[in-house]
Amino acid sequence: MAKPLLRWAGSKQQLVGELASYWDGNKSRYVEPFAGSARLFFRLEPERALLGDINAGLISTYCEIQRGPEQVHRFFSRWENSSDKYYELRAKDPETLGTAERAARFIYLNRFCFNGLYRTNLRGEFNVPYGGAKTGRLPTLKRLEKIATLLKRATIMCADFVETVAKAEAGDFVYMDPPFSVSERRVFREYDATDFCDTDLVRLRKCLVELDTKGTRFVLSYDDSEEGETLAEGFGIRRVSTRRNIAGFSGSRRVAQELLISNVGV
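Residues numbered from 1 in each chain as written. Predicted model: local features only at pLDDT ≥ 70, side-chain atom pairs only at ≥ 80, totals over all residues. Heavy atoms only, no water.

## Looking at the packing of helix 3 (residues 56-67) against helix 7 (residues 141-151)
In step 1: Helix 7 packs onto helix 3 with a crossing angle of 100° between their chain directions and a minimal axis gap of 8 Å. In terms of axis orientation, helix 3 runs roughly perpendicular to helix 7. Packed against helix 3, whose contacting residues are Tyr-62, Ile-65 and Gln-66, the element helix 7 presents Leu-144, Ile-147, Ala-148 and Leu-151 at the interface.
In step 2: Here the residues of the contact of helix 3 with helix 7 sort into six nonpolar, one polar and no charged. (Axes fitted to C-alpha atoms, helices over the stretch in contact; angles between N-to-C directions. Helix = DSSP H or I, 4+ residues; strand = E, 2+ residues; numbered from the N terminus. Parallel < 35°, antiparallel > 145°, perpendicular 65-115°, else oblique. Contact = heavy atoms within 4.5 Å. Nonpolar A, V, L, I, M, F, W, Y, C, P; charged D, E, K, R; others polar.)

Here it is as structure tokens:
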């Protein structure tokens, strides 16, 4: 199994085995409208896929690796892991860089930022601080080549989740891992300059109903909350336990419940 290219807040590392049980094999096209690190995609290695995300930097990075990882690797292999280099690269405007260097910068900042967060200010500028020397290593060229091979099986699009879901067809398998919007407590949900909110939950619920109506199988992972229960109405639910970081520190973890909402019997 290929490891994801990126660290990502909310990644379903602990639940990927549970999620994989909904998959019926490579005969189906895999669709993921909140791609993020695409952990389940890399676990399943489907023959056909559609990956979407609203994060333009993320999608352009995947597209660049898909085209060929050599130039990307050539850039970041010259950059040391240090606070000075991190803030130097963070300060650069990615729009002034070529596509390969821009992707290399995204991968570097993702690897060495605090806790794998992706957060921007209102101007859309990445503003996560340096995470220190113990955040792991940058991927080898061999690993990038494996990732590129899998990404070549996918159509990749920068789009709102509704646009991506609308392209799903009968017989496809859709996995959705949206940011949580939970009114009773604070949950990290800022992945770009906008915020996932109650209006998005209404749109998400509509997507589930439309997918079910046209015979598209789906599974949605969501916080065990009133909002999650509303999304799940009329569909199957499995409650699963996972561990979450509190304030991003690995020493402050708690067991949390999530809902796996689906129209697929497991």
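## What to know about the nonpolar core
In step 1: Formed by 59 residues in total, the largest nonpolar core has its most connected members in Tyr-30, Phe-41, Phe-42, Tyr-62, Ile-65, Tyr-86 and Leu-151.
In step 2: Top contributing element to this core by residue count: helix 6 (residues 99-112), with eight residues.
In step 3: Among residues more than four places away in sequence, those in contact with Ile-65 are Leu-5, Val-72, Ile-107, Leu-144, Ile-147, Ala-148 and Leu-151.
In step 4: Counting residues in each nonpolar core, the second largest holds 25 residues, with Phe-34, Phe-161, Ala-232 and Leu-259 among its members. (Core = buried A, V, L, I, M, F, W, Y, C linked by side-chain atoms within 4.5 Å. Buried < 20%, exposed > 50% of the residue type's maximum accessible area, 1.4 Å probe, protein only.)

## Comments concerning the pattern of salt bridges
In step 1: All told, the structure shown has 13 salt bridges when counted by the stated rule.
In step 2: As a salt-bridge pair, Glu-64 and Arg-67 come within 2.5 Å of each other at their nearest N and O atoms. With Glu-64 and Arg-67 both in helix 3 and three residues apart, the pair spans about one turn of that helix.
In step 3: Taking relative accessible area as the criterion, Glu-64 reaches 8% and is therefore assigned buried.
In step 4: We classify Arg-67 as exposed; its relative accessible area is 55%. (Salt bridge = Lys/Arg side-chain N within 4 Å of Asp/Glu carboxyl O.)

## With respect to the pairing of strand 5 (residues 217-223)
In step 1: With seven of seven residues buried, strand 5 is to be regarded as a mostly interior element.
In step 2: Direction of pairing for strand 4 (residues 173-176) relative to strand 5: parallel, over a ladder of four bridges. Across the sheet, the residue bridging to Phe-173 is Arg-217, located in strand 5. (Pairing = 2+ DSSP bridges.)

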